[in-house]
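Residues per chain, in single letters:
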Amino acid sequence: MEISGKKALVTGGARGLGAAAARHLAEQGAQVTILDFDAEKAAQIAGEIGGFSLQCDVRNEEQVKESLAAATKHFSESPRIIINCAGIASGARVVTRDGDVSTALFRKVIEVNLLGSYHVMSYGAAAMMDLPALDNGERGIILNTSSAAYEDGQIGQAAYAASKGGIASMCLPVAREFARSGIRVMAIAPGLFHTPMMEGLPQETVAGITANIPFPNRLGAPSEFGKLAADIIQNAYLNGSVIRLDGAVRLPPK
Ligand SMILES: NC(=O)c1ccc[n+]([C@@H]2O[C@H](COP(=O)([O-])OP(=O)(O)OC[C@H]3O[C@@H](n4cnc5c(N)ncnc54)[C@H](O)[C@@H]3O)[C@@H](O)[C@H]2O)c1
């Protein structure tokens, strides 16, 4: 699908990979709505790219529905491009060293990363289905963000890996379901990118992580994520699969 002139919606677009994807789409001529928990930063990025922003907690189904309606009203058409980047990476052992067990963090990570993406994907696709098909039969594309941890999750990443594994696993069944509507579903599984999410980690941890990246031996640049997102959108034959974007990294157990 050609990006120029299309309406796009990016969750988690206030910073990191989502902001990079939003910028890249805007540079290619898309009209971008950013949905993010962080209203102030979302408005700032939207201002920089001539887009529109809305505060939304993707866990909240009603807010997602209302935000999609507001984005559609603002740009006079439902988005044909949806990129789900909103996510959190909180980690914890299943059983702590003291023998304690809690399901609170597991629940929260699944709710934000998996259920949040599901909310935006499902309501976004329902709206896309009402749009006329483009010349090649396409109506739109949903691009979800998984993680390399969906295949090689580390100790402490049970919740995160499960959420990202869910995103990867639903890609094919949903692409199959939406095929009759001309809506593609893809996922990117990033390795380790230089975003505020990574900046939260101790420097030794980041140095250790970087040492394991074969080539290029550095963290990924968010612009490289934005570029792959655009490539996927433009290539109509990519559908139902997960692409690792990771410099050949395979995460060690810890
Ligand atoms: N950075 C990496 O190395 C990396 C690697 C693999 C996967 N990912 C995934 O890529 C996505 C983006 O990561 P990032 O590094 O840019 O993260 P980030 O923390 O820099 O940005 C995430 C954004 O999501 C927003 N957000 C969080 N919870 C939300 C909610 N409930 N509702 C709405 N918005 C919410 C935050 O406000 C923030 O703007 C995430 O899904 C992450 O799991 C990142």
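Data block above holds the structure.
Residues numbered from 1 in each chain as written. Predicted model: local features only at pLDDT ≥ 70, side-chain atom pairs only at ≥ 80, totals over all residues.

1. Some words on the site of the ligand
Then comes step 1: Around the ligand sit 31 residues, and of these G12, G16, G87, T195 and M197 come closest.
Then comes step 2: Among the secondary structure elements, those contributing two or more residues to the shell around the ligand are α1 (16-27), α4 (104-128) and α6 (196-199).
Then comes step 3: Its residues placed into classes, the shell around the ligand shows 16 nonpolar, 10 polar and 5 charged. (Near = placed C-beta within 6 Å. Helix = DSSP H or I, 4+ residues; strand = E, 2+ residues; numbered from the N terminus. Nonpolar A, V, L, I, M, F, W, Y, C, P; charged D, E, K, R; others polar.)

2. Here's the deal with the pairing of strand β2 (residues 31-36)
Then comes step 1: Across the 6 residues that make up β2, a large majority, 6, are buried.
Then comes step 2: Where burial is concerned, the two faces of β2 agree: the one with Q31, T33 and L35 and the one with V32, I34 and D36 are both buried.
Then comes step 3: Note that the unit made of strand β1 (residues 7-11), α1 and β2 has a crossover that is right-handed.
Then comes step 4: Across 4 bridges, β2 lies against strand β3 (residues 52-55) in parallel orientation. The residue bridging I34 from the neighbouring strand is S53, located in β3. (Buried ≥ 20, exposed ≤ 12 C-beta atoms within 10 Å, placed from the backbone. Right-handed = clockwise from strand over helix to strand, strands pointing away. Pairing = 2+ DSSP bridges.)

3. Quick look at helix α3 (residues 61-75)
Then comes step 1: Its 15 residues place the ends of α3 21 Å apart at the C-alpha level, agreeing with the 21 Å of an ideal helix rising 1.5 Å per residue.
Then comes step 2: All of the buried residues in α3 are V64, S67, L68 and A71. For α3, the buried positions fall inside an angular range of 100° around the axis, keeping them on one side. Projecting away from the buried face of α3 at angles above 90 degrees are the exposed residues E62 and K73.
Then comes step 3: Considering only its buried residues, α3 is in contact with β1, β2, β3 and α4.
Then comes step 4: Where α3 terminates, the next one or two residues include S76, which has phi positive at roughly 60°. (Expected span 1.5 Å × (residues − 1). Arc of directions from axis to C-beta. Contact = placed C-beta atoms within 7 Å.)

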